[in-house]
Amino acid sequence: DPQPKSRMVGSLGAEFASPEQLKGERITTASDMYAAGVLFYWLLCGQHPHAQALTDLATLAGATINFDPEAPSARLERLMTSVSRSDYEDLAAFSRSTEEDPDRIARSIEGELDAIALKMLRRDPAARYQSVGEALRDFQRMREDRTVSALPDTRAYRLNKWILRYPVVASFALVSSLGLLLG
């Protein structure tokens, strides 16, 4: 019998298992958030976070326990630069069908979607979202051009989000400031 690529861990395959599950530790809601993060990552860039380690369970467990995945946008960029001619034609067909440029898709993932996916996939369960509601709040905040908890709360980040929410007020403030400076 050939060795199976994965075995069942809970109700999902090992491909969705969190580091603590693979180490035989206590399973919590954070473990479920990790599984959701694997699925979300796959939806963003078309690959498992540890795709190169899907050869067998031991390799997958080692990668999941010891290594953080690269950002989904970086993975997608790398995939787009290393595609074969036929794969590139598939990407071009996808682009035409969605009216989206694959490079633009990668850029749109960069930032908040990357951060949300990577927070769901943190190796430390305490550093992940602790509930589905917490993750959903970040998605909602992102849609509303508000700051998300998955990114550092810097002044520049808050200002950028404020400008996106209030572009007219921001433009007026800029013009007024320039008027005062230029006299």
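Since we're looking at a predicted model, the values are computed, not measured.

Here we look at the nonpolar core
In step 1: Of all hydrophobic cores here, the largest spans 24 residues; its most connected members are Phe40, Leu76, Ile116 and Tyr129.
In step 2: For this core, the elements supplying multiple residues, two or more each, are α2 (29-45), α4 (72-81), α6 (102-109), α7 (112-120) and α8 (132-143).
In step 3: Considering every element that reaches this core, the biggest residue donor is α2, with 7 residues.
In step 4: Look past the residues within four positions of Leu76 in its chain and what remains in contact with it is Leu44, Cys45, Ile105, Ala106 and Ile109.

Concerning the packing of α7 against α8
In step 1: One way to put it is that α7 packs onto α8 with a least axis distance of 11 Å and a crossing angle of 175°. Relative to α8, α7 is oriented roughly antiparallel. Packed against α7, whose contacting residues are Glu112, Leu113, Ile116 and Lys119, the element α8 presents Glu134, Asp138, Phe139 and Met142 at the interface.

What to know about the confidence of the model for the protein chain
In step 1: In the predicted model, the protein chain carries a mean pLDDT of 84, and 83% of its residues have values of at least 70.
In step 2: When pLDDT is averaged over each element of the protein chain, α7 comes out on top at 96 and strand β1 (residues 8-9) at the bottom at 44.
In step 3: Note that residues 1-11 has pLDDT below 50 and, in this model, 13 contacts with residues that lie over four places away or in other chains.

Points about the pattern of salt bridges
In step 1: Summed over all chains, the structure comprises 10 salt bridges.
In step 2: Residue Asp68 is joined to Arg123 by a salt bridge in which the shortest nitrogen-to-oxygen separation is 2.9 Å. With Asp68 in the loop between α3 (57-66) and α4 and Arg123 in the loop between α7 and α8, this residue pair connects regions lying 55 residues apart in the sequence.
In step 3: Two residues, Asp153 and Arg158, come together in a salt bridge whose shortest N-O distance is 3.4 Å.
In step 4: Look at the salt bridges and you will find they share partners, linking Glu70, Arg75 and Arg78 into a network.

The rules behind each value
Residue indices follow the written sequence of each chain, beginning from 1 at its first position. Local features in this predicted model are restricted to residues whose pLDDT is 70 or higher, and side-chain atom pairs enter the listing and the counts only when it is 80 or higher, whereas totals over whole chains, interfaces and linings include all residues. Hydrogens and water are ignored here; the side-chain numbers use all heavy atoms of the structure. The set of buried Ala, Val, Leu, Ile, Met, Phe, Trp, Tyr and Cys residues whose side-chain atoms join them within 4.5 Å is what this entry labels a nonpolar core. With a 1.4 Å probe rolled over the protein chains alone, any residue whose accessible area is under 20% of its type maximum counts as buried; one over 50% counts as exposed, and the rest are partly exposed. Numbered from the N terminus, helices here are DSSP runs of H or I no shorter than four residues, and strands are runs of E no shorter than two. Here a residue-residue contact requires only that any non-hydrogen atoms of the pair lie within 4.5 Å. The axes used here are C-alpha line fits, helices contributing only the stretch in contact, and every angle between their N-to-C directions lies in the interval 0 to 180 degrees. Note that the term roughly parallel is reserved for angles under 35 degrees, roughly antiparallel for angles over 145, roughly perpendicular for angles of 65 to 115, and oblique for everything else. A residue's pLDDT is the confidence the predictor assigns to it, expressed on a 0 to 100 scale. Each salt bridge in this description consists of a side-chain nitrogen of Lys or Arg and a carboxyl oxygen of Asp or Glu lying within 4 Å of one another.

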